[in-house]
Amino acid sequence: MNRPILALTCGEPAGIGPEISLRAAWELRAEVRCVLLGDAALLAQTAQAIDPGMRVAALSIQAWRNSGLPDFPTDCLTVIDCPVAEPVRPGQLDARNGLAVLQTLDLAVEGAMNGSFAAIVTAPLQKSTINDAGVAFIGHTEYLAEATHTPQVVMMLAGGDAPHLRVALATTHLALKDVPAAITGDSLARTLDIIQADLRAKFGIAAPRILVTGLNPHAGENGYLGHEEIDVIAPALLAAQQRGIDARGPYPADTLFQPKYLEGADCVLAMYHDQGLPVLKFASFGHGINITLGLPLIRTSVDHGTALDLAARGLGHADHGSMAVAIRAAAGMARNQQGKT
């Protein structure tokens, strides 16, 4: 595991995914062996435009399945070819290429589950393109959960510049009006169990300390601003503590994210997407990462989108910092997990 093998899905081909994937994988090639999944011709052309010394070797899906991964040296990147249906024009979406993007995810899951890959790192994709291709798609997190038959997963973002700032979510891509009904004692119990297990196994934290926000302003202010804290969240935390989980709260979200409160904490559990993530992204945007907890595999991702506007301007405008952090984090988690088996 000194140089773990990671699957790196290159995301929306018309976005910045191919560029940042190549740049980060090449930069870290001495530390991590990244196997890129995407259109091999597009990636080879992009690699030559970025750096004529960047070598890319293509491998067909069938060859990989039949013979496994060849032992390419550190001065060559491996690409499992997932051809697009139509030529790619930077910055311009084409729904006909949506299925090729999904194929990269399916192959990454296949390889992670059969032991070919120690982890998966995903570049950003365009949800609308996949939906326009005729496949109902909510997001990476939900798709990977379904693909691995995982009943519940937890989205967590971590700050690259603030490595101890980790924010997990009790709910993910829900309309705000639907959040209260989705927060139940059972769902919080499963969420806390997942966070506890993965902080131990994948992050190597022996005794995680988890701080939990309330749902309502001022954490409900003793029932004056809502009863979810009294009726649901506080009992769930008490039950978690009785199971040996150091989960504390519920705390008002508007004051929790201060150094004096976060010191010594390993993770904050926020109740909904826009409660916790704006704080983290403000602190570390461009160097933060997204991590899916609860899967039977390791998955990290960048903290930004496809940036079609940057892709349309040509190469050299995208920052691959978040991708590099995601690769290093996935490799670190793979090593941690390997050390516990």
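Residues numbered from 1 in each chain as written. Predicted model: local features only at pLDDT ≥ 70, side-chain atom pairs only at ≥ 80, totals over all residues. Heavy atoms only, no water.

Side note on the pairing of strand β7 (residues 166-169)
In step 1: Burial along β7 is two-sided: Arg166 and Ala168 facing one way and Val167 and Leu169 facing the other are all buried.
In step 2: Of the strand pairs in this sheet, strand β6 (residues 154-158) and β7 are connected by three bridges, and their pairing is antiparallel. Residue pairing in the sheet places leucine 157 in a bridge with valine 167 of β7.
In step 3: Sheet analysis places β7 next to strand β10 (residues 267-270), joined by three bridges and oriented parallel. Its bridge partner lying in β10, alanine 168 is registered against leucine 269. (Buried < 20%, exposed > 50% of the residue type's maximum accessible area, 1.4 Å probe, protein only. Helix = DSSP H or I, 4+ residues; strand = E, 2+ residues; numbered from the N terminus. Pairing = 2+ DSSP bridges.)

Describing the pattern of salt bridges
In step 1: All told, the structure shown has 10 salt bridges when counted by the stated rule.
In step 2: With a closest N to O distance of 2.8 Å, glutamate 19 and arginine 23 form a salt bridge. With glutamate 19 and arginine 23 both in helix α1 (residues 17-27), this residue pair falls four residues apart, about one helical turn.
In step 3: The partly exposed category is assigned to arginine 23, whose relative accessible area is 24%.
In step 4: The shortest N-O distance in the salt bridge between arginine 96 and aspartate 94 comes to 2.8 Å. (Salt bridge = Lys/Arg side-chain N within 4 Å of Asp/Glu carboxyl O.)

So, the environment of alanine 206
In step 1: Among the structural elements, alanine 206 can be located in the loop between α8 (185-201) and β8 (209-213).
In step 2: For alanine 206, a relative accessible area of 67% corresponds to the exposed category.
In step 3: Taking C-alpha positions, alanine 206 is 9.4 Å from glutamine 196, a pair spaced 10 residues apart along the chain.

Observations regarding α8
In step 1: The end-to-end C-alpha separation of α8 is 24 Å, in line with the 24 Å expected for 17 residues at 1.5 Å each.
In step 2: If you check which residues of α8 are buried, you get Ser187, Leu188, Ala189, Thr191, Leu192, Ile194, Ile195, Gln196, Asp198 and Leu199. (Expected span 1.5 Å × (residues − 1).)

Details of the environment of asparagine 131
In step 1: Here asparagine 131 is to be found in helix α5 (residues 127-132).
In step 2: The class of asparagine 131 is partly exposed, set by a relative accessible area of 35%.
In step 3: Each C-alpha atom of the pair asparagine 131 and methionine 155 lies 22 Å from the other, and the pair is 24 residues apart in sequence.
In step 4: Setting aside residues up to four positions removed in sequence, asparagine 131 forms contacts with Ala136 and Phe137.
In step 5: At 2.9 Å, the side chain of asparagine 131 and the backbone oxygen of phenylalanine 137 are in polar contact. (Contact = heavy atoms within 4.5 Å. Polar contact = N/O pair within 3.5 Å; in protein donor to acceptor, adjacent residues only side chain to side chain.)

A short note on the packing of α1 against helix α2 (residues 40-50)
In step 1: Running from amino to carboxyl end, α1 crosses α2 at an angle of 65°, the nearest separation of the two axes being 10 Å. Where α1 crosses over α2, the two elements pack in a sense that is right-handed. Residues Pro18, Glu19, Leu22 and Arg23 of α1 touch α2, and the partners they reach there are Leu42, Leu43, Thr46, Ala47 and Ile50.
In step 2: Among the residues forming the contact of α1 with α2, the class breakdown is six nonpolar, one polar and two charged. (Axes fitted to C-alpha atoms, helices over the stretch in contact; angles between N-to-C directions. Left-handed = near helix turned anticlockwise from the far one by under 90°. Nonpolar A, V, L, I, M, F, W, Y, C, P; charged D, E, K, R; others polar.)

Some thoughts on the sheet that holds strand β9 (residues 246-251)
Strand pairing in a sheet takes place through backbone hydrogen bonds and is either antiparallel or parallel in direction.
In step 1: With mixed pairing, the 12 strands of this open sheet are ordered in space as β3-β4-β2-β1-β5-β12-β11-β6-β7-β10-β8-β9. The open sheet is flanked by β3 (56-59) and β9, the only strands paired with a single partner. Taking the axes of each pair of neighbouring strands and ignoring which way they run, one obtains an average angle of 25° across the sheet.
In step 2: Two strands pair when backbone bridges link them, and strand β5 (residues 119-122) and strand β12 (residues 299-302) are joined in this way by three bridges, in the parallel orientation. Along β12, the bridge assignment pairs isoleucine 120 with arginine 299.
In step 3: Packing of helix α14 (residues 321-339) onto the sheet brings it into contact with β1 (5-9), β2 (33-38), β5, β11 (289-293) and β12, and relative to β12 it is tilted by some 170°.

Section: the side chain of glutamine 152
In step 1: Looking at the secondary structure, you find glutamine 152 in the loop between α6 (140-147) and β6.
In step 2: Separated by 2.6 Å, the side chains of glutamine 152 and arginine 190 make a polar contact.
In step 3: When residues no more than four places from it in sequence are discounted, the contact partners of glutamine 152 are Ser187, Arg190, Thr191, Ile194 and Gly294.

Here we look at the state of the cysteines
In step 1: The full count for this structure, using the stated rule, is zero disulfides.
In step 2: Unpaired in this structure, cysteine 10 has its nearest cysteine sulfur neighbour in cysteine 82, at a distance of 8.8 Å. (Disulfide = S-S within 2.5 Å.)

Remarks on the nonpolar core
In step 1: In this structure, Leu269 and Ile327 are the most contacted members of the largest nonpolar core, which totals 65 residues.
In step 2: Per-element tally for this core: the top contributor is α14, with eight residues.
In step 3: Contact partners of isoleucine 327, with chain neighbours within four places excluded, come to Leu6, Leu8, Ala24, Ala25, Leu28, Val32, Cys34 and Val121.
In step 4: One finds Leu59, Leu107, Val109 and Ala145 within the second-largest nonpolar core, a separate group that totals 19 residues. (Core = buried A, V, L, I, M, F, W, Y, C linked by side-chain atoms within 4.5 Å.)

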